[in-house]
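One letter stands for each residue in the lines below.
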Amino acid sequence: MIVLHHLEKSRSFRIVWLLEELKLNYGLDYRLHIHKRDAETFLAPGELKELHPMGKAPILSDDSLPEGNQVLAESALIIEYLLKTYDVRHLFYPTEGQAWRDYTFWLHFAEGSLMPPAVMYLILSKAAEKTPFFARFVARKIRDTVAKVILSGNIRSALDLLESSLVGREYLAGAFGGADIQMYFAVAAVQQRMGLENRPNIAAWLARCEERAGFVHAVEASGPVFG
Ligand SMILES: N[C@@H](CCC(=O)N[C@@H](CS)C(=O)NCC(=O)O)C(=O)O
């Protein structure tokens, strides 16, 4: 049995979505365990640390793996594992050529290049909002300066690259697949916090992702992606 430990309103939504796509196409069954965030800190609850030393979601276990190695963390690994093991018709991942290079690039770009500045911006924003009133102006100034000097430039470059990569194509590696799932969360998070400015190809790609039955089922199963 596959068990997914999902943290509410988090990037582990990706894996719920992928599992729903696999369920629709292959009848793959899985159990979903939804963990609540700490109301005060918004962090993951301590119980995730009992499953994996990092204590972050997603965490997936599959009892068809060898004993002692049944627990997986990191969204990119989990996506690769699920596709290599269960997507036997290669519906969601290309295995060679430019399509494979595009798939692998975006699979890693999401966590390696786009999420770090996006999360940093989110943390600075949250810190500014939690700062006592008399010092909040200063905290916001720090956030805006860091955002202007480092974060916005990196995020803008990432969005520009994505926008141009989507010219004339519906999905990141040609056909819909694991790379779209991995990137969707990162891009939708940026859209939520900072907006996309005028990037019609990205907006159309996000909408295409959200229309998929697998995406809709994943939201039904796990709740809203953001909160
Ligand atoms: N690179 C990891 C990141 C995992 C991660 O940071 N997960 C977040 C979910 S958005 C988490 O569990 N945050 C709660 C916490 O850090 O306590 C992945 O892609 O799986």
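Position numbers for residues count from 1 along each chain, tracking the sequence in the order it is written. Under the rules for a predicted model, residues below a pLDDT of 70 receive no local features and side-chain atom pairs below 80 are neither given nor counted, while totals for whole chains, interfaces and linings still include all residues. As a convention, hydrogens and water are excluded, and side-chain values are obtained from all of the structure's heavy atoms.

1. With respect to the layout of surface pockets
Using only the protein atoms, space was sampled on a 1 Å grid; points where a 1.4 Å probe fits but cannot get out form cavities, open sets with protein on both sides within 12 Å along at least five of seven lines form pockets, and lining residues are those with an atom within 4 Å of a point. Grid points are joined across faces, edges and corners, and a volume is the space filled by probe spheres set on the points. Its boundaries defined by the atoms lining it, the largest pocket holds a volume of some 980 Å³. The wall of the largest pocket is formed by 35 residues, among which Arg-11, Arg-37, Lys-56, Met-115 and Val-119 lie closest to the centre. Helix numbers and strand numbers start at the N terminus; a helix is a DSSP run of H or I with at least 4 residues, a strand a run of E with at least 2. Elements that contribute at least two residues to the lining of the largest pocket include exactly α4 (97–130) and α6 (178–194). Three residue categories are used. Nonpolar comprises Ala, Val, Leu, Ile, Met, Phe, Trp, Tyr, Cys and Pro, charged comprises Asp, Glu, Lys and Arg, and polar comprises the others, including Gly. Partitioning the lining of the largest pocket into residue classes produces 21 nonpolar, 6 polar and 8 charged. Each domain span listed reflects an automatic or database assignment of domains. Here the lining of the largest pocket spans two domains, since at least three of its residues come from each of domain 1 (2–93 + 216–222) and domain 2 (97–212).

2. Focus on the site of the ligand
When we say a residue is near a molecule or strand, we mean one of its heavy atoms is within 4 Å of it. Ala-44, Lys-56, Ala-57, Glu-74 and Ser-75 are the nearest of the 13 residues found near the ligand. As used in this structure description, the phrase polar contact means that two N or O atoms lie within 3.5 Å; if the pair is within protein, one of them must be able to donate a hydrogen and the other to accept it, and residues adjacent in sequence are counted only when both atoms belong to side chains. Note that an oxygen atom of the ligand is positioned 2.8 Å from one of the backbone N or O atoms of Ala-44. All accessible-area figures derive from a Shrake-Rupley calculation using a 1.4 Å probe, and residue coverage is judged against the displayed protein chains alone. Look at the ligand: alone it shows 520 Å² of surface, and the protein chains cover 85% of it. Throughout, a molecule is located in a cavity or pocket provided that more than half of its atoms lie within 2 Å of its grid points. One can see that the ligand is located within the largest pocket. Considering only residue class, the shell around the ligand consists of 5 nonpolar, 2 polar and 6 charged.

3. Section: the sheet that holds strand β2 (residues 30–35)
Read from one edge of the open sheet, 4 strands run β2-β1-β3-β4, paired in mixed fashion. Since the sheet does not close on itself, it has two edges, and those belong to β2 and β4 (71–73), each with one partner. The average undirected angle you get between the axes of adjacent strands in this sheet is 20 degrees. Bridge analysis of strand β3 (residues 59–62) against β4 gives 3 bridges, and the strand direction is antiparallel. What makes two strands pair is DSSP finding at least two bridges between them. For helices, the fitted line uses only the C-alpha atoms of the stretch in contact; every axis is such a line through C-alpha atoms, and the angle between N-to-C directions lies from 0 to 180 degrees.

4. Describing the packing of helix α1 (residues 13–26) against α6
Contact geometry for α1 and α6: axes closest at 9 Å, N-to-C directions at 145 degrees. For the pair α1 and α6, the crossing hand works out as right-handed. Residues Arg-14, Trp-17 and Leu-18 of α1 touch α6, and the partners they reach there are Asp-180, Ile-181, Gln-182, Tyr-184, Phe-185 and Ala-186. Partitioned by chemical class, the residues of the contact of α1 with α6 number 6 nonpolar, 1 polar and 2 charged. In a left-handed crossing the near helix is turned counterclockwise from the far helix by less than a right angle, and in a right-handed crossing that turn is clockwise. Contact criterion: two residues are considered in contact whenever any of their non-hydrogen atoms come within 4.5 Å of each other.

5. Looking at the packing of aromatic side chains
Centre-to-centre distance and the angle between the planes together describe a pair of aromatic rings. Side-chain rings of Phe, Tyr and Trp, where Trp is taken by its six-membered ring, are said to pair if the distance between their centres is within 6.5 Å; with planes under 30 degrees apart they count as stacked, over 60 as edge-to-face, and otherwise as tilted. Tallied over the entire structure, the rule returns 14 aromatic pairs. Centroid distance Trp-17 to Tyr-184: 5.5 Å. Interplanar angle 85 degrees. Geometry classified as edge-to-face. Linking Trp-17 in helix α1 with Tyr-184 in helix α6, this pair joins segments that are 167 residues apart in sequence. For every residue, the accessible area obtained with a 1.4 Å probe (protein chains only) is divided by the maximum for its type, and the residue is called buried under 20%, exposed over 50%, and partly exposed between those limits. Using a relative accessible area of 0% as the deciding quantity, one classes Trp-17 as buried. For the pair Trp-106 and Phe-109, a centre-to-centre distance of 5.2 Å together with 75 degrees between the ring planes defines the contact as edge-to-face. Here Phe-109 and Trp-106 lie together in helix α4, a separation of 3 residues that amounts to about one turn. Judged by its relative accessible area of 3%, Trp-106 is buried.

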